[in-house]
Amino acid sequence: MTEKILRTPLYDAHVALKARMVPFAGYEMPVQYPTGILTEHTWTREHAGLFDVSHMGQCLIAAESFERAAKAMEALVPADLLGLAPLQQRYSQLLAEDGGILDDLMISRSALPGRLYVVVNAACKEADFAHIAANLPADVKLERLDDEALLALQGPEAEDVLAALNPEVRDIPFMSFRLLDIAGIRDVHVSRSGYTGEDGFELSLGAADVVKLWNTLLADARVKPIGLGARDSLRLEGGLCLYGHDIDTTTSPIEAGLQWSIAKRRREEGGFPGHDRIKNELTSGLKRQRVGIRPEGRLPAREGSVIQNAAGREIGRVTSGGFGPTVNGPVAMGYVDKAHAAPGTPLFLVVRDKAIPATVVKLPFVPNRFKR
Amino acid sequence: MSVKFTEEHEWITVAGGVATVGITTHAAEQLGDVVFVDLPAIGKTVQKGKEAAVVESVKAASEVYAPIDGEIVEVNTSIADEPSLVNSDPEGGAWFMKIRIANPAQLDGMMDRAAYDKFVGK
């Protein structure tokens, strides 16, 4: 059976910009525009990059009260959702019974009463929505937002660009959102968040309006369209996990270094899948953990490359690896045992039968510049 | 001799029994920004259709195949030092390697420019 490949509402806009379109998570998406990944990456670090991420899954969790919705979702994720202030957003993970990660996601306390707004990964969205819906109590419902598009505007000039359309965006703190009129479009969900390590915004709005907003933003000389290729190199340098690569059903949030996303109350009280494993990993330590790795020289070590200790014994695999344009050299992430996880530990990465000397480094590779 | 092309997107020119080999403009465009080139050792014996070099773009690693049997007699160290040359001048200054041809009959059947352009759908 061949599944029909989907398109976002911006498909024609990407083609008009001469993007190279590739299949990704069931969608035809732009991997790069004619200037190429290096230029797009650097532009986003220095100016403002505009990304179409409408393939991602958006939904509402609806109940009679915020507390009811938050409590229902707390049974599936380890984040403190009851502690969400209005218009606040948190990063979390949908967990399996054994503490493995089914997906990572963003959860906001909606401006609408009794609603949480949730964004999940494109490749996981059908499974996520089915999993969430199946595990909600009868009085809490999942409402898909299939007619909503999603843009990301990222980079040090993103705030100035968006403020030219509505100055109130300057007042949005990191990991919060506002409903704002932007370019004549009412109630755009503008959150201060992203996946590049830079300051920036994510904008959710009706599919019918997204072409207008896309064109308005691109009309600003500080903004260029950025494809999935640079999205990947930017998040890798930013030390951010990519689901299906750096995190999956075999990794726990603690192994992945995501313990910052699990509040004290949840660690102590539990009430989410995998609490035993997570509690255990937090108290008695970890068998393995995600680390950053800098290979010497210029040769990138890709996902799947064997990680060896100084004695040449295999101790793990690279989960994401490539060339970091801002670092101007190869960068990688992978899992190693505790004995090899300290920054400065010498390792080897095996690329085409050659053992490349490498060093464990602190993540991120490029300092995050979130507006806190 | 004029330039010939393979279905693996290499170009080849021959002078005095030595083939100069690179990748086509089409191949370079498909690769995107090249950030690393792994060239073979001089003196290495290569076989038609087998890996001779590797180009790494930001996205992925891609093999460059030897278009002909022979021995590597020279490699272009300037593309190892400056991989972006592969994008800016793929069919000129960014040649990859020179191969002393072992079996000239393998040149027969390679495409000329018009046939290659048709092959890549230009």
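Everything quoted here is computed from the prediction, not taken from an experiment. (Residues numbered from 1 in each chain as written. Chains lettered and ligands numbered in written order. Predicted model: local features only at pLDDT ≥ 70, side-chain atom pairs only at ≥ 80, totals over all residues. Heavy atoms only, no water.)

S.K.: I would appreciate a short explanation of the packing of aromatic side chains in the present structure.
M.R.: Aromatic rings considered in pairs are described by the distance between their centres and by the relative angle of their planes. For the structure shown, the criterion picks out four aromatic pairs over all chains. Each ring, one from Y91 of chain A and one from W260 of chain A, has its centre 5.5 Å from the other, and the planes form 20°; the classification is stacked. Note that Y91 of chain A is positioned in strand 5 (residues 89-95) and W260 of chain A in the loop between helix 7 (228-237) and helix 8 (264-269), a separation of 169 residues in sequence. Ring centres of F174 of chain A and F370 of chain A lie 4.6 Å apart, and the angle between their planes is 15°; this geometry places the pair in the stacked category. With F174 of chain A in the loop between helix 5 (158-163) and strand 10 (177-182) and F370 of chain A in the segment after strand 19 (354-361), this pair connects stretches of sequence that are 196 residues apart. Judged by relative accessible area, F370 of chain A falls into the buried class, the value being 17%. Among the aromatic residues, those joined into a ring-pair cluster are F5, Y116 and F119 of chain B. Positioned above the aromatic ring of F66 of chain A, the side-chain terminus of R109 of chain A is 3.7 Å from the ring centre. (Phe/Tyr/Trp six-rings, centres within 6.5 Å; stacked < 30°, edge-to-face > 60°. Helix = DSSP H or I, 4+ residues; strand = E, 2+ residues; numbered from the N terminus. Buried < 20%, exposed > 50% of the residue type's maximum accessible area, 1.4 Å probe, protein only. Lys NZ or Arg CZ within 6 Å of the ring centre and 35° of its normal.)

S.K.: Honestly, the nonpolar core in this entry has me stumped. Any pointers?
M.R.: Across soluble globular proteins, nonpolar side chains have a tendency to be buried as a group. Residues and elements named next belong to chain A. Counting residues in hydrophobic clusters, the biggest one holds 49 residues, and the most contacted among them are I247, L258, I293, I307 and L349. Split by domain, this core shows at least three residues from each of two domains, domain 1 (11-54 + 147-237) and domain 2 (287-372). Once residues within four sequence positions are removed from consideration, L349 is found in contact with I293, P295, A301, V306, I307, V318, A332, K354, A355, I356 and A358. With 31 residues, the next largest nonpolar core counts M21, Y33, I172 and L217 among its residues. (Core = buried A, V, L, I, M, F, W, Y, C linked by side-chain atoms within 4.5 Å. Domains from an automatic or database assignment. Contact = heavy atoms within 4.5 Å.)

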